Amino acid sequence: MSYAESAAAKAAAYREGGSRTILAIESSCDETAAAVVRDGREVSGSAVHTQIPIHRLYGGVVPEIASRNHTERIGAVVRAALADANTELSQVDAVAVTYRPGLIGALLVGVGYAKGLAYSLGLPLIAVDHITGHIAANYLTYPELEPPFICLVASGGHSHIVRVNDYTDFTLIGRTRDDAAGEAFDKVARALGLPYPGGPELERIAREGNREAYRLHTAFNEGEGFDFSFSGIKTAVVNIIHNTEQKGETVDRAGVAASFQKCVVDALTKKSVRAAVQSGLSVLALAGGVSANQSLRESMQSACDHAGIRFCRPDMRFCTDNASMIGCQAHYELMAGNVAGLDIDASAASFLNQ
Ligand code: KG4
Ligand code: ZN
């Protein structure tokens, strides 16, 4: 049997309800991850190797170092996920991989590895868009959650308000005009002298600060549209830091962090809740690395309670990059007949950017 015949037969058996075990791989940025997902929503095993300590030395992700480290680690990470799931390669029914968006060299490591595995095992290859994977992290957390719903995706590279029409059908409602929310967190944290990645560090020092210490806001984010703009807030913060230092005064770092965080959280909350209310849908979900932020989770929970909408957010372990969410989305792609050819290429942009 040729590879194409074998993969098609396995994909058909999967859809018909046979054994449903997906091995998923994620390498789009600075985490090398693998997971074994059964029946779409059950994570039987997972492994994540983070490169954060390496990139921290440079204050941000160095793409070339990321690719090399993925190459060194991917084999061990896949073996660790299989061992965690007590699963042999022979029991896997499909191989899934993130193929966009992300750092192209980093993505290519996962895509190349997944192609090799799929080909050698005669299994279907499922190509997953990272953004849709983040959205799927909510299905792992809420086993009964089904589309349609509105989702705010806030990560290092994206700030999107998405209407999830169905598992594989999405409409972009709003997006950032400049920096992504996570990117703004990282840049402001850097200006405050905090290590990479700045989001969690900034959140930590913001706990001790007065969020009314500085009045930061952008008229754009107070407008009626659904697009965001975060670069103005970031510039305002950098100016505050410079002006204070020039006067020989000490910067109230916790106050800056708390005021900045409040400004971003308010904008994300207001626009996404309004999008949910106007859509007439009763669920608003949160996704992407910034969904780990407690202040954002609390703000969205209370705004949703107020608006009479159900709020969903991923378990903390599914917020930042992982392969479990990729395996979950891959299940729905496979069920919808979306199987990739071995000629699939990695791409730096999400379909939501095209
Ligand atoms: O989804 P993710 O792990 O990678 C991308 O797809 O980009 O998101 C990483 C981003 C980084 O910008 C990081 O600073 C931010 O998510 N982040 C946070 C928090 N944890 C991660 N931002 C604010 N508060 C957090 N607790
Ligand atoms: Zn991500």
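Preceding this paragraph is the structure being described.
So, here's what we can say about the structure. Predicted model, so just to flag it, every value in this text is computed and none were measured. (Residues numbered from 1 in each chain as written. Chains lettered and ligands numbered in written order. Predicted model: local features only at pLDDT ≥ 70, side-chain atom pairs only at ≥ 80, totals over all residues. Heavy atoms only, no water.)

Right, let's talk about the site of ligand 1 for a bit. Taken together, 17 residues sit near ligand 1, with H134, G156, D186, E203 and N293 positioned nearest. At 3.1 Å from an oxygen atom of ligand 1 is found a side-chain nitrogen or oxygen belonging to H130. When isolated, ligand 1 has an accessible area of 550 Å², and the protein chains bury 89% of it. Partitioned by chemical class, the residues of the shell around ligand 1 number four nonpolar, 10 polar and three charged. (Near = heavy atom within 4 Å. Polar contact = N/O pair within 3.5 Å; in protein donor to acceptor, adjacent residues only side chain to side chain. Areas by Shrake-Rupley, 256 points an atom, 1.4 Å probe, with all protein chains shown as cover. Nonpolar A, V, L, I, M, F, W, Y, C, P; charged D, E, K, R; others polar.)

What follows deals with the coordination of the zinc ion (ligand 2). The zinc ion (ligand 2) binds to the protein through H130 (NE2), H134 (NE2) and D321 (OD); the donor distances cover 2.0 to 2.1 Å. Ordering the donors of the zinc ion (ligand 2) by residue number gives the pattern H-x3-H-x186-D. Here the residue H130 and the residue H134 both occupy positions in helix α5 (residues 130-141), the gap between them amounting to four residues, near one helical turn. (Donors = N, O, S within 2.8 Å, 3.2 Å for Na, K, Ca; no water. Helix = DSSP H or I, 4+ residues; strand = E, 2+ residues; numbered from the N terminus.)

What follows deals with the pairing of strand β8 (residues 169-175). Here six bridges tie strand β7 (residues 159-166) to β8, and the two strands are oriented antiparallel to one another. Across the sheet, the residue bridging to R163 is T171, located in β8. Turn length for the β7-β8 hairpin, with the two strands adjacent in sequence and antiparallel, is two residues. (Pairing = 2+ DSSP bridges.)

What follows is about the sheet that holds β7. Spatially, five strands are ordered β8-β7-β6-β9-β10 in an open sheet, and the strand pairing comes out mixed. Edge positions in the open sheet fall to β8 and β10 (310-312), since each of these has one partner strand only. Adjacent strand axes in the sheet meet at a mean angle of 25 degrees, parallel and antiparallel pairs treated alike. Bridge count between strand β6 (residues 149-154) and strand β9 (residues 283-287): four bridges; the pairing is parallel. Bridged to I150 within β9 is L284. Most of the contacts of helix α10 (residues 294-307) go to β9, to which it runs at about 175 degrees, and overall it touches β6, β9 and β10. (Axes fitted to C-alpha atoms, helices over the stretch in contact; angles between N-to-C directions. Contact = heavy atoms within 4.5 Å.)

Worth remembering: the numbers are spatial, not functional.
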